[in-house]
Amino acid sequence: MIKNCPCCGEAIVRKEMEADWYCVNNMCPDRLINGLIHFASREAYNIDSLGDKLVIQLYNEGFIKTIADIFRLDEAESDLIGMERFGKKSYDNLIAAIEESKHNNLDKLLFGLGIRHVGSKTAKLICQQFKSIDAIMAASYEELAAINNVGEAIAMAVVEYFKDEDNLSLINELKELGLNTNFIES
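Residues numbered from 1 in each chain as written. Predicted model: local features only at pLDDT ≥ 70, side-chain atom pairs only at ≥ 80, totals over all residues. Heavy atoms only, no water.

**Q** I'm lost on the overall build of the protein chain in this one. Help?
**A** Regarding its fold elements, the protein chain presents 11 helices and two strands. Listing the helices and strands of the protein chain from first to last along the sequence gives β-β-α-α-α-α-α-α-α-α-α-α-α. In terms of overall dimensions, the protein chain has a C-alpha envelope of 50 × 45 × 25 Å along the principal axes. Going through the 186 residues of the protein chain one by one, you find that 42% of them count as buried. Residue pairs at least 24 apart in sequence account for 52% of intrachain contacts in the protein chain once pairs closer than 6 positions are excluded. (Helix = DSSP H or I, 4+ residues; strand = E, 2+ residues; numbered from the N terminus. Buried < 20%, exposed > 50% of the residue type's maximum accessible area, 1.4 Å probe, protein only. Contact = heavy atoms within 4.5 Å.)

**Q** When you look at helix H10 (residues 152–161) in this model, what are you seeing that I'm missing?
**A** The periodicity of an α-helix, 3.6 residues per turn, causes residues three or four places apart in sequence to face the same way. All of the buried residues along H10 are Ile154, Ala155, Ala157, Val158, Val159 and Tyr161. Against helix H7 (120–130), helix H8 (133–138), helix H9 (141–145) and helix H11 (165–176) lie the buried residues of H10.

**Q** Mind showing me how you'd approach the packing of aromatic side chains here?
**A** Two numbers describe a pair of aromatic rings. These are the distance of the centres and the angle of the planes. One pass over the structure, following the stated rule, counts four aromatic pairs. When the ring of Phe39 is compared with that of Phe71, the centres are 6.1 Å apart and the planes differ by 85°; the resulting orientation is edge-to-face. Here Phe39, found in helix H1 (residues 29–40), pairs with Phe71, found in the loop between helix H3 (67–70) and helix H4 (77–81); they are 32 residues apart in sequence, far enough to count as distant. Across this residue pair, the class does not change: Phe39 and Phe71 are buried. When the centroid spacing of 5.0 Å and the interplanar angle of 85° are considered together, the rings of Tyr161 and Phe162 count as edge-to-face. (Phe/Tyr/Trp six-rings, centres within 6.5 Å; stacked < 30°, edge-to-face > 60°.)

**Q** Just checking my understanding: could you explain the pattern of salt bridges for this structure?
**A** If charged atoms from side chains of opposite charge come close, those side chains can pair. On inspection of all chains with the given rule, the structure shows nine salt bridges. Ionic pairing is found between Glu84 and Arg85, a salt bridge with its closest N-O pair at 3.6 Å. The network of salt bridges with common partners includes Asp69, Arg72 and Glu173. (Salt bridge = Lys/Arg side-chain N within 4 Å of Asp/Glu carboxyl O.)

Here's what the structure looks like:
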C-alpha cells in the first residue's frame, strides 16, 4: 500500500473501523477536482452542461477552485468564451443551467457538499428532519444520531463538517450567491 497521495504527496490515512484510505490534504488538487465533479454531477446538484471534462478544464484554467466559484462563472464571460471548444452557446447553456440549479432542494446541496458518509438518501432524511441548512449546522450529534437510519459515524461526520471554518465560509458564500438552503417537501 502506498503511504503518500500520488497527486500532492501528503500522507494517506485510514480511519479506524473503515476500509478506505484517503488523502488528508484538503487542498489536494485531485480531491478538489473530484469534489467539484461530485457537486455538479446528476446525482448531486445536477448542473446540466457541467460535466467531468469541463470541470477539470475550468479547474486547470483557474476559473473554479471551490463550489462557490461555479456560481461566479457568469463574471468571466469573455474569458470562458475564449477557451478551447467553448463558445457563446456553450457559455449561455452553462450559465442557464447554473442559474436553474440554484433552485434545487436542500438535500441536493447537502449531498453535493461531499460530507463523509452522507449519501443522497441520508441527506434527504437529515433535510426532512431539520428543514434548513442553518438548522442542520446547529444540530447536535445526538439530534442527528436520533434520526432513523442516521448512525453515529454519519452524525459525527456532519457535526465535524460544520465545525470547520472553511466549510462555514463556503455555506455563507453559497447563501450570498442565492442557492436555496431550505428543504421543500415534494
